[in-house]
Amino acid sequence: MPSTKEIKERISSVRDTLKITNAMYLISSSKLKKAKKSLADTEPFFYSLQSAVTRMLRHAPDMKSPFFYDNEDKDDTDKKAGILVVTADKGLAGAYNHNVIKIMDQELLKYKDSRVYCMGQIGEHYLESRGVEIDKEFNYVVQDPNLSRARRITEQLVDDYLEHRVDKIIMIYTRMENALTETTEVRQLLPLRRESFIDPNAARIMADVPVETIKFVPSPEDVMRRIAPEYVTGFVYGALVESFCCEQNARMTAMQAATDAGDEMLKSLSTEYNRARQAAITQEITEIVAGARAQAESR
């Protein structure tokens, strides 16, 4: 059985660890609330952009735009994919990073050629260990997702797509289903899909609605060239914030589990300490009684 001194040192160590896990839980909780508010503040603007794209496609169905080209002459495996991956800068977040990396490995196997854009040091270190070349790193983004940084990322993605350095761009991020469930998502950013903007029931719904007149200046293609990157920016920003929320939520869950385990360990160590202390006292009393008896017999 360990000595009372050793058990006291372990109890002190566990208590120090619990201070850290509690602090990390509170920090993640604060960051989660702030990120959710930022996302809610910007959502109306990007929903309006999505509505604008839908109206344009409805009024100019024959519009030709590079943002909607799909390279249908190529098999999916023959396309060069740009893969935008969102991981965290640090661990202690349960399975958050593992789930993203697992899906990323699956996507890399689908394409003969790919270009990886990595955000987060966990993903960067993993890719470097696998010998995967990283085209562009945005490590500064994941701990402070904001609109200006999302725009800079989108500029890089759109430029590579329009210059045909990649045929399509997909994004791997984590979406929060609810407070207990998170899902790793794979979404195609470019080219945009017409069917994702046009409701198949729209014709029936709009049958009794007066037809509006829209004039595109200078042309539908030029208007779309301005709107489409903003729409992609909105999606990237939303995905960054949602991933950040998921990271903080996963870290809160992990720290709560660690705190609960630490509390159980403290109870067990306290019981062990009391037993060891009782055994030491009993041993000391036994030794005193034995010594007293030995003295009495010697007289």
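Our subject is the structure listed above.
Keep in mind that this is a model prediction, so the values were computed, not measured.

Asks: Just checking my understanding: could you explain the pairing of strand β2 (residues 113–119) for this structure?
Replies: Looking along a regular strand, one sees the side chains alternate between the two faces of the sheet. Of all seven residues making up β2, five are buried, and the element is well covered by its neighbours. Here strand β1 (residues 80–86) pairs with β2 via seven bridges, running parallel. Considered in β2, the bridge of Ile83 is made with Val116. Taking the sense of rotation as the criterion, the β-α-β connection linking β1, helix α2 (residues 96–110) and β2 turns out right-handed.

Asks: For this particular structure, what's the right way to read helix α1 (residues 4–59)?
Replies: Since the α-helix turns once every 3.6 residues, residues separated by three or four places project in the same direction. For α1, which comprises 56 residues, the first-to-last C-alpha distance of 81 Å matches the rise-based estimate of 82 Å (1.5 Å per residue) to within 8%. At Glu43, α1 is deflected by roughly 40°, the largest bend along its length, and proline Pro44 occurs up to four residues later in sequence.

Asks: Looking at this structure, I do not really get the side chain of Gln248. What am I missing?
Replies: Relative to the helices and strands, Gln248 is located in helix α6 (residues 220–298). Of note is the side chain of Gln248, whose polar atom sits 3.1 Å from the side chain of Ser28. Discounting residues that sit within four places of it in the chain, Gln248 has contacts with Ser28, Lys31 and Leu32.

Rules behind the numbers
- Along each chain, residues carry numbers from 1 onward, in the same order as the chain's sequence is written.
- Local features in a predicted model are, by the rule used here, given only for residues with pLDDT of at least 70; side-chain atom pairs are given and counted only at 80 or more, and totals for whole chains, interfaces and linings are based on all residues.
- Hydrogens and water are ignored here; the side-chain numbers use all heavy atoms of the structure.
- Any residue under 20% of the maximum accessible area for its type is buried, any over 50% is exposed, and the rest in between are partly exposed; the area is computed with a 1.4 Å probe on protein chains only.
- Only DSSP runs of H or I with at least four residues qualify as helices, and only runs of E with at least two residues qualify as strands; both kinds are numbered from the N terminus onward.
- Pairing between strands is defined by DSSP: at least two bridges between them are needed.
- Handedness rule for crossovers: strands pointing away from the viewer, path from the first strand over the helix to the second running clockwise, crossover right-handed.
- How far a helix is expected to stretch is found by multiplying one less than its residue total by 1.5 Å.
- To get the bend at a given residue, fit one axis to the seven residues ending there, fit another to the seven starting there, and take the angle between those axes.
- Within 3.5 Å is the distance limit for a polar contact, defined as a pair of N or O atoms, with the added protein rule that one can donate a hydrogen and the other accept it, and that residues adjacent in sequence qualify only through two side-chain atoms.
- Every residue pair with non-hydrogen atoms within 4.5 Å of one another is taken to be in contact.

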